[in-house]
Amino acid sequence: GSVRIIDRSEAVRIRNNDMLGATVHAIILGTRGVIYEIDILGNRIGDGRRNAITSGFFDPENEGRDGIVDGLRIVANDLIGCVTEQASEIPDPPAGGIILARVYDLIVRDNRIERNGIAATSAACGIYVRHSRGVEISRNLIRHNGLPAADRSFPGPQAGIRLQNAASMLPQTQ
C-alpha cells in the first residue's frame, strides 16, 4: 500500500510502518500546494513498483506546478528495492529512493537507501531533489541505486545524491 499526504496538511508523522510491495510510490507528498512539518521516521519501504518517497511532479494532474514541502525530516528508514518497474522512458525526473520536487528545510539522516531503480529503464538516484533550501543529508548508507555504470548509461540525473537548484539558508544581515 501507499500513503498520500495531500495539500495543506501540517504536522504529520509517518512512523514505524512496513510498506512493502506498493504498486505506486510508497509515500507521496502533496501535489500543487504546500504541506508543512512532515516526519517520516523508522519505516521499512521496499519492493515497490515506483519510488519509495516522492513529491509534487509525479502527479499526472500536476501540469508542471511543483508542490512545496516546508519542513521534511526523513530519518532512520530502510528504503530498499523500490522502482521494480518504470512508468515511462522519460529521464526527468529520475527514479529512485527519495525523489523530491521542491522542499525547504530538509533533513535526510540515518537511512539505508539501496537497490532502488535496479530495474529502471531510465536514470535513477538514491536521493534527488530538484529545488531546495536548507538541506542536511548525513549518516546515510546509499548504494547500488540504478544500474551499474558499466551496464548502461541513461540520459538525465544519475547519482547517489543529486541536488539541483539548491540554496543555503543564510541569516539576513541588517
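Residues numbered from 1 in each chain as written. Predicted model: local features only at pLDDT ≥ 70, side-chain atom pairs only at ≥ 80, totals over all residues. Heavy atoms only, no water.

Draft legend 1. Geometry of the overall build of the chain. Each helix and strand in the chain was counted, giving zero helices and 15 strands. Taking contacts inside the chain between residues at least 6 apart in sequence as the whole, the part at least 24 apart equals 86%. Carbon and sulfur atoms make up 47% of the accessible area of the chain, which amounts to about 8,600 Å² in all. (Helix = DSSP H or I, 4+ residues; strand = E, 2+ residues; numbered from the N terminus. Contact = heavy atoms within 4.5 Å. Areas by Shrake-Rupley, 256 points an atom, 1.4 Å probe, with all protein chains shown as cover.)

Draft legend 2. Representation of the sheet that holds strand 3 (residues 18-20). Ordered by their spatial adjacency, five strands build an open sheet running 3-6-9-11-13, and the pairing between neighbours is parallel. Each end of this open sheet is capped by a strand with a single partner; those strands are strand 3 and strand 13 (141-143). Taking each pair of neighbouring strands and ignoring which way they run, the sheet shows an average axis angle of 5°. (Pairing = 2+ DSSP bridges. Axes fitted to C-alpha atoms, helices over the stretch in contact; angles between N-to-C directions.)

Draft legend 3. Molecular detail of the side chain of Asn43. With respect to the helices and strands, Asn43 occurs in the loop between strand 5 (34-41) and strand 6 (44-46). By relative accessible area, which is 2% here, Asn43 ends up buried. A polar atom in the side chain of Asn43 sits 3.3 Å from the backbone nitrogen of Asn16. The residues touching Asn43, leaving out its near neighbours within four places in the chain, are Ile14, Arg15, Asn16, Asn17, Met19, Ala76, Asn77 and Asp78. (Buried < 20%, exposed > 50% of the residue type's maximum accessible area, 1.4 Å probe, protein only. Polar contact = N/O pair within 3.5 Å; in protein donor to acceptor, adjacent residues only side chain to side chain.)

Draft legend 4. Looking closely at the environment of Ala22. Tracing the backbone shows Ala22 in the loop between strand 3 and strand 4 (27-29). Between the alpha carbons of Ala22 and Val83 there is a distance of 9.8 Å; along the sequence they are 61 residues apart.

Draft legend 5. Unusual backbone geometry, seen in detail. Phi at Asp47 is positive, roughly 55°, even though this residue is not glycine. Of note, Asp47 is situated in the loop between strand 6 and strand 7 (53-55). Here Arg139, not a glycine, exhibits a phi torsion of approximately 55°, which is positive. Considering the arrangement of structural elements, one finds Arg139 in the loop between strand 12 (124-138) and strand 13.

Draft legend 6. Just the packing of aromatic side chains, in detail. Applying the stated criterion across every chain yields a total of zero aromatic pairs. When the ring centre of Tyr104 is taken as origin, the NZ or CZ atom of Arg133, which lies over that ring, is 4.1 Å away. (Phe/Tyr/Trp six-rings, centres within 6.5 Å; stacked < 30°, edge-to-face > 60°. Lys NZ or Arg CZ within 6 Å of the ring centre and 35° of its normal.)

Draft legend 7. How the structure looks around the pattern of salt bridges. Under the counting rule described, the total for this entry stands at nine salt bridges. Across the salt bridge formed by Arg73 and Glu37, the nearest N and O atoms sit 2.9 Å from each other. One end of the pair, Arg73, is in strand 8 (residues 68-75); the other, Glu37, is in strand 5, and 36 residues separate them in sequence. Residue classification places Glu37 among the partly exposed positions, given a relative accessible area of 37%. (Salt bridge = Lys/Arg side-chain N within 4 Å of Asp/Glu carboxyl O.)

Draft legend 8. Seen up close, the pairing of strand 10 (residues 95-109). Taking burial as the measure, the 15 residues of strand 10 include eleven buried ones, the bulk of the element. For strand 7 and strand 10, the ladder comprises two bridges, and the chain directions are parallel. Looking at strand 10, one finds that Ile53 is bridged to Ile98. Bridge count for strand 8 against strand 10 is six bridges, and the pairing is parallel. Residue pairing across strands places Asp70 opposite Tyr104, the latter belonging to strand 10. Judged from the twelve bridges that link them, strand 10 and strand 12 form a sheet pairing that is parallel. In the strand pairing of strand 12, Leu106 is matched with Val135.

Draft legend 9. Examining the nonpolar core more closely. Counting residues in hydrophobic clusters, the biggest one holds 28 residues, and the most contacted among them are Leu29, Ile40, Ile45, Ile53, Leu72, Ile98 and Leu100. Looking at this core element by element, the count peaks at six residues for strand 10. Ignoring sequence-local partners within four residues, the contact set of Ile40 consists of Ile14, Ile27, Leu29, Ile53, Leu72, Arg73, Ile74, Val75 and Asn77. (Core = buried A, V, L, I, M, F, W, Y, C linked by side-chain atoms within 4.5 Å.)

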